[in-house]
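Report on the structure
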Amino acid sequence: MKNAINVKNYFLGNNALNELPGLLEKKMSENGIVIFAIDDFFQDKDIIASLPVRANDEVIFINTESEPHADYIDELVLYIKDTKNSGDIVAVVGMGGGTTMDIAKAIAVLLTNDGSAVDYQGWDLVKNPSVYSVGIPTLAGTGAEVSRTAVLTSRIRKLGINSDYSIFDQVILDPLLLKTVPKNQFIYTGMDNYVHCVESLSGRDNNAMTIAFADKSLALLREIFLGEMDYEKLMVASAFGGMAIANSNVGICHPLSYGLSLIKGFHHGYAICLAFNQLEEYYPEVVEFQDILKKMNFNLPSNVLEGTSDKEFEMMADATLLNNIPLSNAFGENWKELFPKEKVIELLRKI
Ligand code: NAD
Ligand code: ZN
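Residues numbered from 1 in each chain as written. Chains lettered and ligands numbered in written order. Predicted model: local features only at pLDDT ≥ 70, side-chain atom pairs only at ≥ 80, totals over all residues. Heavy atoms only, no water.

1. Considering the sheet that holds strand E6 (residues 133–137)
With parallel pairing, the 6 strands of this open sheet are ordered in space as E1-E9-E6-E4-E2-E3. Here the strands that pair on one side only, and so sit at the sheet edges, are strand E1 (9–12) and strand E3 (58–62). Ignoring which end each strand starts from, the neighbouring axes of this sheet average 15 degrees apart. By the bridge criterion, 6 bridges tie strand E2 (residues 33–39) to strand E4 (residues 89–96) in an arrangement that is parallel. Across the sheet, the residue bridging to Phe36 is Val93, located in E4. With respect to the sheet, helix H2 (residues 70–83) is in contact with E2, E3 and E4, its orientation differing from that of E3 by roughly 165 degrees. Against the sheet, helix H3 (residues 98–110) makes contact with E2, E3, E4 and E6, and its axis sits at roughly 165 degrees relative to E4, the strand it touches most. (Pairing = 2+ DSSP bridges. Helix = DSSP H or I, 4+ residues; strand = E, 2+ residues; numbered from the N terminus. Axes fitted to C-alpha atoms, helices over the stretch in contact; angles between N-to-C directions. Contact = heavy atoms within 4.5 Å.)

2. Some thoughts on the side chain of Asp88
Here Asp88 shows up in the loop between H2 and E4. Although Asp88 is buried, it forms no salt bridge, and the closest oppositely charged side chain is Lys84 at an N-O distance of 9.6 Å. Ignoring anything within four residues of it in the chain, the contact list for Asp88 reads Asn31, Gly32 and Ile33. (Buried < 20%, exposed > 50% of the residue type's maximum accessible area, 1.4 Å probe, protein only. Lys, Arg positive; Asp, Glu negative; His and termini not counted. Salt bridge = Lys/Arg side-chain N within 4 Å of Asp/Glu carboxyl O.)

3. A closer look at the site of ligand 1
Contacts to ligand 1 come from 29 residues, most closely from Gly98, Thr99, Thr138, Ser147 and Thr180. Between an oxygen atom of ligand 1 and a side-chain N or O atom of Asp39, the distance comes to 2.8 Å. Between ligand 1 and Leu177, the relevant distance is 3.0 Å, taken from a nitrogen atom to a main-chain nitrogen or oxygen of the residue. In isolation ligand 1 offers 870 Å² of accessible surface; the protein chains occlude 91% of this area. Residue assignment for the shell around ligand 1 shows that the elements contributing at least two residues are H3, strand E7 (149–153) and helix H4 (183–202). Grouping the amino acids of the shell around ligand 1 by side-chain chemistry returns 9 nonpolar, 14 polar and 6 charged. Summarising the domain contributions, the shell around ligand 1 has at least three residues from each of domain 1 (9–180) and domain 2 (183–349). (Near = heavy atom within 4 Å. Polar contact = N/O pair within 3.5 Å; in protein donor to acceptor, adjacent residues only side chain to side chain. Areas by Shrake-Rupley, 256 points an atom, 1.4 Å probe, with all protein chains shown as cover. Nonpolar A, V, L, I, M, F, W, Y, C, P; charged D, E, K, R; others polar. Domains from an automatic or database assignment.)

Below you can see the structure in the form of structure tokens.
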């Protein structure tokens, strides 16, 4: 049975970001240092000047072109340890989408746990509490702001650090931060949220808590994507989707997307949309997903795997089939018989 955990504290509302200085002040010591990991979209934006950065703090702008890699986390942590006295680090702040938030969570873990990020990819491998961490999402959908997962790729797999120490201590949900998100990114990350709900609702590992969170998250997403955009509701939908997953697991779409991300370098939300679009035989909600895209006047790119070699399809399928927990959530213990490699390749070829 899962001993579920949720974020303890959160601010929600327009201008919630103004609460950050007060939060950090409470943690500050004489030589206290704060590490800021910030999506580089904000590098030249006015908002940076409003952040409570002191002379001794470190601001790392995160390039989100590729998803977080375990080696990159090791490099960042080595750099921080080389240039700062790690005992003086009082907080890690992650401000950005899922990529940046996951990087911030992983840094907070690695600052208090020896070894490399790959040593902690898996479930409950982290031994020591991480540095106090604050998550500030600027995109809505991944649920990374509330999950106990920091998803990382390494040379062979995409797998999270999943632990009670890789969840933010504090979250700041400021809907105003979403106003610069371009339409395609809204849809890709928003539909990641939609798929989290569908997969957790239809899986075997869910319980009444999952169902309550996922149902409400789906209802909000329907209001937003089939009705009117509302940034605050979108942030709540994302958080509820993340909490639904915390009490269950993802299903077929996420493993397929991991193969696409690992071999083709596709971003998570994009890979999720491409994969989910082909899964109607497993998830009837694919029809509604396609209606949402139509309503949003958005065409998913097609034939994106043109030119992919047989070897690459094999590699994508192998990466998909490494995910036995989500796949047994979706199919049951005999998932290997119900979802053989040939079927995975057939689905991938349709993308
Ligand atoms: P992202 O963080 O990769 O960002 C996507 C793009 O949006 C980037 O170009 C970024 O610069 C831009 N962006 C971010 N905020 C913006 C803003 N306010 N205005 C304009 N542009 C902005 O995207 P994502 O979909 O949020 O995150 C994907 C990552 O999250 C993947 O690595 C995935 O594995 C991970 N993930 C984690 C969890 C978890 O529980 N930890 C769950 C699902 C996905
Ligand atoms: Zn996801």
